[in-house]
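For reference, the chains in residue letters:
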Amino acid sequence: MRQMMLAVLALAVAMSAVSQRNVMYIDDFEIYPDSTVVVPLMLANCDTTRGVELKMTLPDGLSLTAKQLTDYAEDEYGMTFFGGLSNGVWTLGMYPPGHVSFPPADTAIMTLQFTAAPDFKGGEIILWKQHGSTKNNKTIYFDNDTALVTVPTSSLIGIPMDSQQDSELFFNLMGQPIASPDSVPVAIQVVTDKTGRRSSHKVSVKH
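Reading guide: rules and limits
- Residues numbered from 1 in each chain as written.
- Predicted model: local features only at pLDDT ≥ 70, side-chain atom pairs only at ≥ 80, totals over all residues.
- Heavy atoms only, no water.
- Helix = DSSP H or I, 4+ residues; strand = E, 2+ residues; numbered from the N terminus.
- Buried < 20%, exposed > 50% of the residue type's maximum accessible area, 1.4 Å probe, protein only.
- Phe/Tyr/Trp six-rings, centres within 6.5 Å; stacked < 30°, edge-to-face > 60°.
- Salt bridge = Lys/Arg side-chain N within 4 Å of Asp/Glu carboxyl O.

Re unusual backbone geometry
Okay, step 1: Backbone geometry at N87 places phi at a positive 55°, although glycine is not the residue there.
Okay, step 2: In this structure, N87 sits in the loop between β6 (80-86) and β7 (89-95).
Okay, step 3: Given a relative accessible area of 80%, N87 falls into the exposed group.
Okay, step 4: We note that K129 has phi near 50°; this positive angle belongs to a residue other than glycine.
Okay, step 5: In this structure, K129 sits in strand β9 (residues 123-133).

Here is the structure:
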């Protein structure tokens, strides 16, 4: 009985730790090359927030082809979308015209339609520079997050293994994507191999 109570307590503590976050995220998903899927953008917030905004970077061969606020965001809380694509980076955000705020929750606030190119091999969606806003327009800093996008194994049949390339991305110590580790003193390299497994390590470049 004591062991069971300890296990329940540990689970409650873990769930409490998870809930004490502010983050927007997309669950990992699969997509076939030359096809389209719709996935939700989720808001998990422990702090009440008047609006939200993030940057989104997509892997090569994956495009955002449509976006729409959910009924929760648009109808219940009167949010209005803002943002767009600039230099390969999407800005996605929403803000109410009045003094309405999202309460603490874990729910979908937007649906995103992604389309994969015929030669898409998988990769990561980076959700970064996330933040919210208090009712007094003070910034609430959110966590960054990533979503792994994989291609079903059956779609890779007939493709030589040496043509299934590893995915390599670089980030600065703030978690923001960068084009090359040469641009910062220390970078984080994230590699996704042919099986979808990810590994990361610091890369130091002498300047």
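Focus: the packing of aromatic side chains
Okay, step 1: Evaluation of the coordinates by the stated rule reveals four aromatic pairs.
Okay, step 2: Each ring, one from F29 and one from F114, has its centre 5.7 Å from the other, and the planes form 20°; the classification is stacked. Taken together, the residues F29 in strand β2 (residues 29-30) and F114 in strand β8 (residues 105-116) connect sequence positions 85 residues apart.
Okay, step 3: On the accessibility criterion, F114 (0% relative accessible area) is buried.
Okay, step 4: Three or more aromatic residues joined by ring pairs form one cluster here, namely Y72, Y77 and F102.

What about the pattern of salt bridges?
Okay, step 1: Using the criterion set out here, one finds one salt bridge in the structure.
Okay, step 2: In this structure, R21 and D143 form a salt bridge, with 3.1 Å as the shortest nitrogen-oxygen distance. Here R21 is found in the loop between α1 (2-19) and β1 (22-25), whereas its partner D143 is found in the loop between β10 (139-141) and β11 (145-150), with 122 residues between them in sequence.
Okay, step 3: Among the residues examined, R21 registers a relative accessible area of 30% and is labelled partly exposed.
Okay, step 4: A relative accessible area of 32% means that D143 is categorised as partly exposed.

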